[in-house]
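Below are the chains, spelled out letter by letter.
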Amino acid sequence: MKASTGVSDLSLYKRRVRWNAEPGANGAGGRKTGRKGADLMLEVPVGTVALDHDGAVIADLDHAGARAVLAQGGSGGRGNVHFKSSTRHAPDYAEPGIKGEELAITLDLKLIAEIGLVGPPNAGKSSLLSALTAARPKIADYPFTTLNPELGVAESRGGRIVMADIPGLIEGASRGVGLGLRFLRHVERTKALVYVIDGTSPDPWKDLAMVQEEVARFSSDLALRPYVVAINKVDLEPVRKLRARSRRKGPIHFVSALSGEGLPQLMDAIVTTLAGAPEPRPQGPARAIKLPVAGTRSGVAVERLAWGFMVRGERVERLVERTDMESEGSLARFQTELDRLGVNAALEAAGVQPGDTVRIAEVEFEYQP
Ligand SMILES: Nc1nc2c(ncn2[C@@H]2O[C@H](COP(=O)(O)OP(=O)(O)OP(=O)(O)O)[C@@H](O)[C@H]2O)c(=O)[nH]1
Ligand SMILES: [Mg+2]
């Protein structure tokens, strides 16, 4: 699986749920080892997480180009030359290709916000998200209205911008005061920040300094991200006065989430800032947290059942898969391998008698010593 910016959603995997890579090709006479099965690369959007049926994360593709191996492909069968011995100069046996791993996974797409809206409670972050995107977060005239981060997608010239609105930050947030700390994590991977400040506050510039300080305490990396400042509520008289008095330099925009004043300019600034923003540092290679491992255990278990004997074990099951039961040479080799893997000994220890039924994976046969 590979994360690609060319793919924007998972709809392809909704339409088609079963994907097979090629199995390894069969080995053949004339010393031919079978080809390895060709890789199957599933392209998914950046932000795709693959989970196994227990909900464990198999892969977390959080940046463009991230890759993870979900299932190992089958190897090619060995050709007849591998089975040559002093008595068998041209063995009629060559292995079939081996099947690859098979597994069911759930794909989950988490949107990765490029822009984080960060500011004190009640500054109008959610109002801004609502004004700039189709998201409809809860907005109210009290602090900590937003309890969970919300994402919205802004349509702008040249594309879509995912923005995250997080709960308000108060002094001490970086030490865990309020809700801020927990949620700053959600903007850690954004490319740029918009500091949203309530222009009607007693000292908006102090608020801005406080918020920047908390962000810096949380992560120096995050504080170095490009940003723009939105001094909100410019529809109100005190904020208009503030704007008139302000000699502030820098990326400062007086806006009103309510009336829409200044929003096009703010959007332009966001687009420009994003264009110049470096990719947030990739978090190392895609984490492949849990992968099914191809059979390496040689453990053989024999179970005595009413109808006969059941043999279990990865190696022996693979052996059955590799054996062409139609070929005498192949069967002879199968016998030798059963001995080598200790299957015959295990069967005998379990009390098998000539003529008893023995089953390994999908194959059933009559036991003959
Ligand atoms: N006059 C005016 N009021 C605004 C503006 N933007 C937001 N408000 C009001 O400010 C209050 C807080 O707005 P929210 O968008 O909920 O603020 P928030 O920053 O998301 O607040 P928390 O989620 O609590 O951190 C609401 O009553 C909004 O209606 C604006 O541009 N002008
Ligand atoms: Mg809010």
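Up top is the structure these notes are about.
Cut-offs applied
Residues numbered from 1 in each chain as written. Chains lettered and ligands numbered in written order. Predicted model: local features only at pLDDT ≥ 70, side-chain atom pairs only at ≥ 80, totals over all residues. Helix = DSSP H or I, 4+ residues; strand = E, 2+ residues; numbered from the N terminus. Pairing = 2+ DSSP bridges. Axes fitted to C-alpha atoms, helices over the stretch in contact; angles between N-to-C directions. Contact = placed C-beta atoms within 7 Å. Near = placed C-beta within 6 Å. Nonpolar A, V, L, I, M, F, W, Y, C, P; charged D, E, K, R; others polar. Buried ≥ 20, exposed ≤ 12 C-beta atoms within 10 Å, placed from the backbone. Core = buried A, V, L, I, M, F, W, Y, C linked by C-beta atoms within 7 Å.

K.L.:
Would you mind going over unusual backbone geometry in detail, with residue names and values included?
P.N.:
Even without a glycine there, the phi angle at N122 is positive, about 70°. Located in the positive-phi region is F144, a residue other than glycine, with phi close to 60°. With respect to the helices and strands, F144 occurs in the loop between α2 (125-132) and β7 (150-156).

K.L.:
Mind laying out the sheet that holds strand β6 (residues 115-118), listing which residues take part and the relevant values?
P.N.:
Taken in spatial order, the six strands line up as β7-β8-β6-β9-β10-β11 in an open sheet, and their pairing is mixed. At either margin of the open sheet sits one strand with a lone partner, and together these are β7 and β11 (252-254). The average undirected angle you get between the axes of adjacent strands in this sheet is 25°. In this structure, strand β9 (residues 192-198) lies alongside strand β10 (residues 227-232), joined through six bridges in parallel fashion. When the sheet's bridge partners are listed, V194 is paired in β10 with V228. The strands touched by helix α4 (residues 204-218) are β6, β9 and β10; relative to β9, the strand with the most contacts, the crossing angle is about 145°.

K.L.:
Run through the site of ligand 1, naming residues and quoting values.
P.N.:
Among the 24 residues in the neighbourhood of ligand 1, the closest are listed as G124, S126, D141, T146 and G168. In terms of residues, the shell around ligand 1 owes the most to one element, α2, which gives three residues. Here the shell around ligand 1 is built from residues that sort into 10 nonpolar, 10 polar and four charged.

K.L.:
An account of the sheet that holds strand β16 (residues 363-366) is needed here, citing residue identities and associated values.
P.N.:
Strand order in the open sheet formed by four strands is β13-β14-β15-β16, with mixed pairing between adjacent strands. The two strands at the open ends of the sheet, each matched to only one other strand, are β13 (301-305) and β16. Between one strand axis and the next, the sheet turns through 25° on average, direction left out of account. Across five bridges, the pairing between β13 and strand β14 (residues 308-312) is antiparallel.

K.L.:
Can you tell me about the environment of R189, naming the residues and giving the values?
P.N.:
Following the sequence through the fold, R189 ends up in the loop between α3 (180-184) and β9. According to the C-beta neighbour criterion, R189 is buried, with 20 such atoms within 10 Å. Along the sequence, R189 and E114 sit 75 residues apart, while their C-alpha atoms lie 7.5 Å from each other.

K.L.:
Account for the nonpolar core, with residues named and values stated.
P.N.:
L117, V118, M163, V194, Y195, V196 and A230 are the most contacted members of the largest nonpolar core, which has 43 residues in total. Taken together, the elements giving at least two residues each to this core come down to β6, α2, β8 (159-165), β9, α4, β10, α6 (237-245) and α7 (263-276). Leaving out residues up to four positions away in the same chain, V196 has contacts with L117, V118, G119, A123, G124, K125, L128, A230 and N232. Core analysis: the next-biggest nonpolar cluster, separate from the first, contains 12 residues, V300, L319, L347 and I360 among them.

K.L.:
Hey, could you go over the pairing of β6 for me, with residue numbers and the actual values?
P.N.:
Of the two faces of β6, the one lined by I115 and L117 and the one lined by G116 and V118 are each fully buried. Bridging between β6 and β9 involves four bridges; their strand directions are parallel. Within β9, the residue paired with L117 across the bridge is V194.

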